[in-house]
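Given next are the chains, with one letter for each unit.
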Amino acid sequence: LDIVRTSVSKQDMNDVYESKDQLAMDIKDALTDAMKVYGYEILNTLVTNVEPNSNHVKQSMNEKTKAQYDLEAAQFSAQADAERVIVHGEANKIAQKLLGEGVSRQRQAIVDGLSNSVASFSDKVNDVSPRDVLEIVIMTQYFDMMKDIGEKRKGGNVVFTPAATTQGDLLRNSMVQANFK
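It should be emphasised that the depicted structure is a prediction, and the values quoted were computed from it without experimental measurement.

Enquirer: Quick rundown of the overall build of the protein? Include the residues and the values.
Expert: Summing up its helical and strand segments, the protein has six helices and two strands in all. For the protein, the sequential pattern of α-helices and β-strands runs α-α-α-α-α-β-α-β. Across the 181 residues in the protein, those meeting the buried criterion constitute 13%. Restricting the contact set of the protein to residue pairs at least 6 apart, pairs at least 24 apart contribute 40%. A total accessible area of about 14,300 Å² is found for the protein, and carbon and sulfur atoms account for 55% of it.

Spelled out as structure tokens, the structure:
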């Protein structure tokens, strides 16, 4: 009767640990048949512990189990990292969309404000065209810009070209040629 070795050889060690009850049933069935001839009846067999003979087998099983758990942990960690990147990307996408909408509304408000100012100024002051009003606004912005450059500049150059014919040309050329560090 070598029922233990026969049953165990068909399984790997993890399955042997999990199927102790089936192993006990196989042993009971084999012993019942073998002992019946002698007048004995086997009521039950218990397998209380599965213990491999070699420490090498135990160590190998422990290493294999640890490697499987490490692999699962790495997979969960990678999945969490991927989800974190996706959530961050989605949040960034929403933030960029909202930023774009905000800039669009800001620019629309500026255009509406300028249109109202030009119309109001043109209506109240005679002999002033809307273009003249816009040039006054541009010059005001130019002076504000120059003030900001003077206050916040940390070095660098600002080049003005003498070829500008209007205040708008002067402002536009100045902004294009400014070099800040």
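Enquirer: Can you lay out the pattern of salt bridges for me, pointing to particular residues and giving the numbers?
Expert: Applying the stated criterion across every chain yields a total of three salt bridges. Across the pair Arg 84 and Asp 81 runs a salt bridge whose closest N-O atoms are separated by 2.6 Å. A residue pair is termed a helical-turn pair when its members lie 3 or 4 positions apart in one helix, as Arg 84 and Asp 81 do in helix H4 (residues 55-124) at three residues. The closest approach of N and O atoms between Lys 97 and Glu 101, which form a salt bridge, is 3.9 Å. Taken together, the residues Lys 97 and Glu 101, both in helix H4 and four residues apart, mark about one turn of the helix. Note on Lys 97: relative accessible area 54%, which makes it exposed.

Enquirer: If you had to explain the confidence of the model for the protein to someone new, which residues and values would you point to?
Expert: Summarising the model, the protein shows a mean pLDDT of 80, and 83% of its residues fall at 70 or more. Of all the helices and strands in the protein, strand E2 (residues 179-180) carries the lowest mean pLDDT, 46, while H4 carries the highest, 89.

Enquirer: Report on the side chain of Thr 45, specifying residues and quantitative values.
Expert: The topology assignment puts Thr 45 in the loop between helix H3 (20-36) and H4. Using a relative accessible area of 13% as the deciding quantity, one classes Thr 45 as buried. A distance of 2.6 Å separates the side chain of Thr 45 from the backbone oxygen of Ala 24, its partner in a polar contact.

Enquirer: Any details on a nonpolar patch on the surface? Residues and values, ideally.
Expert: Among the surface-exposed residues, Val 37, Tyr 38 and Tyr 40 lie close enough to one another that they form a single nonpolar patch of about 430 Å² accessible area. For Val 37, the location among the structural elements is in the loop between H3 and H4.

Enquirer: Summarise the layout of surface pockets; cite the residues concerned and give the values.
Expert: Roughly 270 Å³ of volume is contained in the largest pocket. Residue lining of the largest pocket: 14 residues in total, with Val 4, Val 8, Val 16, Val 50 and Glu 51 positioned closest to the centre. No other element matches the three residues that helix H1 (residues 3-9) contributes to the lining of the largest pocket. Split by residue class, the lining of the largest pocket holds 10 nonpolar, two polar and two charged.

Enquirer: Give a detailed account of the packing of H4 against helix H5 (residues 130-152), specifying residues and quantitative values.
Expert: Put simply, H4 and H5 touch, their axes get as near as 9 Å, and they point 120° apart. Between H4 and H5, the interaxial angle falls into the category oblique. Crossing handedness for the pair H4 and H5: right-handed. Judged by residue contacts, Leu 114, Val 118, Phe 121 and Ser 122 of H4 engage Pro 130, Val 133, Leu 134 and Val 137 from H5.

Enquirer: Help me get a handle on H3, residues and values and all.
Expert: Here H3 is 17 residues long and its end C-alpha atoms lie 24 Å apart, about the 24 Å a rise of 1.5 Å per residue gives. Of all the positions in H3, only Leu 23, Ala 24, Ile 27 and Ala 30 are classed as buried. Down the axis of H3, the buried side of the element spans an arc of 135°, and every buried residue falls inside it. The outward face of H3, more than 90 degrees from its buried face, is lined by the exposed residues Asp 21, Asp 33 and Lys 36. Against H1 lie the buried residues of H3.

Enquirer: Before we move on, can you summarise H4 with the specific residues and values?
Expert: For H4, spanning 70 residues, the distance from its first C-alpha to its last is 102 Å, which sits close to the expected 104 Å at 1.5 Å a residue. Tucked into the core, H4 has its buried residues touching helix H2 (13-18) and H5.

The rules behind these values
- Residues numbered from 1 in each chain as written.
- Predicted model: local features only at pLDDT ≥ 70, side-chain atom pairs only at ≥ 80, totals over all residues.
- Heavy atoms only, no water.
- Helix = DSSP H or I, 4+ residues; strand = E, 2+ residues; numbered from the N terminus.
- Buried < 20%, exposed > 50% of the residue type's maximum accessible area, 1.4 Å probe, protein only.
- Contact = heavy atoms within 4.5 Å.
- Areas by Shrake-Rupley, 256 points an atom, 1.4 Å probe, with all protein chains shown as cover.
- Salt bridge = Lys/Arg side-chain N within 4 Å of Asp/Glu carboxyl O.
- pLDDT = per-residue confidence, 0-100.
- Polar contact = N/O pair within 3.5 Å; in protein donor to acceptor, adjacent residues only side chain to side chain.
- Patch = residues over 30% accessible without salt bridge, like charges linked within 9 Å, V, L, I, M, F, W, Y side chains within 5 Å.
- 1 Å grid on protein atoms, 1.4 Å probe; cavity = no way out; pocket = protein on both sides within 12 Å on 5 of 7 lines; lining within 4 Å.
- Points joined across faces, edges and corners; volume = space filled by probe spheres on them.
- Nonpolar A, V, L, I, M, F, W, Y, C, P; charged D, E, K, R; others polar.
- Axes fitted to C-alpha atoms, helices over the stretch in contact; angles between N-to-C directions.
- Parallel < 35°, antiparallel > 145°, perpendicular 65-115°, else oblique.
- Left-handed = near helix turned anticlockwise from the far one by under 90°.
- Expected span 1.5 Å × (residues − 1).
- Arc of directions from axis to C-beta.

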